[in-house]
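Chain residues, written in single-letter form:
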Amino acid sequence: MNEPELIERAQQGDKEAYIELIRIHQRTVEKFAFQCGVHSSDLADVSQEVFVKLYRFLHQFKQDRFTTWLYKVTLNATRDYYRKERREQAKEELLSAQRQVPSPSAEKHVLNFEEDRVLHHSIQALDEKYRYPLVLYYFHELKYEEIAEVLGISLSTVKVRILRAKEKLKLALTQEGSVENG
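Before going into details, it helps to say that this report is about the structure given with it.

About the criteria used
- Residues numbered from 1 in each chain as written.
- Predicted model: local features only at pLDDT ≥ 70, side-chain atom pairs only at ≥ 80, totals over all residues.
- Heavy atoms only, no water.
- 1 Å grid on protein atoms, 1.4 Å probe; cavity = no way out; pocket = protein on both sides within 12 Å on 5 of 7 lines; lining within 4 Å.
- Points joined across faces, edges and corners; volume = space filled by probe spheres on them.
- Helix = DSSP H or I, 4+ residues; strand = E, 2+ residues; numbered from the N terminus.
- Nonpolar A, V, L, I, M, F, W, Y, C, P; charged D, E, K, R; others polar.
- Phe/Tyr/Trp six-rings, centres within 6.5 Å; stacked < 30°, edge-to-face > 60°.
- Buried < 20%, exposed > 50% of the residue type's maximum accessible area, 1.4 Å probe, protein only.

## Re the layout of surface pockets
Move 1: Put simply, the second largest pocket is a space of about 190 Å³.
Move 2: In terms of lining residues, the second largest pocket is bounded by Cys-36, Gly-37, Thr-78, Arg-79, Tyr-82, Arg-83, Arg-86, Glu-128, Arg-131 and Tyr-132.
Move 3: Looking at the lining of the second largest pocket, the elements that each hand over two or more residues are helix 4 (66–94) and helix 7 (128–138).
Move 4: Take the lining of the second largest pocket: its biggest share by element is five residues, from helix 4.
Move 5: Among the residues forming the lining of the second largest pocket, the class breakdown is three nonpolar, two polar and five charged.

If you want it as structure tokens, here you go:
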């Protein structure tokens, strides 16, 4: 069964079709969320939130590209999750509770998405206005038009941000190389 048929069946309440959509897109959602800055220990929570939103709002989906819509949902869920987390963290600090440290083995597993830890950390250090277009273009192979739609910005802004992101990333990686070699 092709994706449009799955979407239509899921919109009509077919739980098996919905589960199949999750199976098909779960890795993409996790990868994009991770590349947007979600900690490996939070990936499952953010992914679950994305698929809950997908379930709640699937009946509203009327666009051509499902994955473009799913990227938007993932981006919003990522932002919402960290806004909520910052509020929770402030509460924890008031209560002087210890923060949970992500397990190194979980992080190592998630970093299979990335070719290189240094590259990942350099991308994470970019401002999100540069990071998101770069990640969508190079790691998710979206076209400029699709990126503009996902991020709600103009086509020319996408092009400029990707160009600037590459410049900033090159500078960061060059500096990282000097630090390691020096």
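## Notes on empty space enclosed by the protein
Move 1: Inspection of every chain in the model, using the stated rule, returns one cavity of 30 Å³ or more.
Move 2: As for the largest cavity, its lining consists of Thr-28, Val-29, Phe-32, Thr-67, Leu-70, Tyr-71 and Thr-74.
Move 3: Those elements that place two or more of their residues in the lining of the largest cavity are helix 2 (15–35) and helix 4.
Move 4: When the residues that make up the lining of the largest cavity are grouped by side-chain class, the tally is four nonpolar, three polar and no charged.

## Structural notes on the packing of aromatic side chains
Move 1: Under the definition given, this model contains seven aromatic pairs.
Move 2: Look at Phe-32 and Tyr-71: their rings are 5.1 Å apart centre to centre, the planes differ by 85°, and that puts the pair in the edge-to-face class. Pair noted here: Phe-32 is in helix 2 and Tyr-71 is in helix 4, with a separation of 39 residues, a long-range link.
Move 3: Judged by centre distance (4.8 Å) and plane angle (90°), the rings of Tyr-137 and Tyr-138 are edge-to-face.
Move 4: The exposure class assigned to Tyr-138 is partly exposed, which follows from its relative accessible area of 40%.
Move 5: Ring pairing ties together the aromatic residues Phe-61, Phe-66 and Trp-69, which thus form one cluster.

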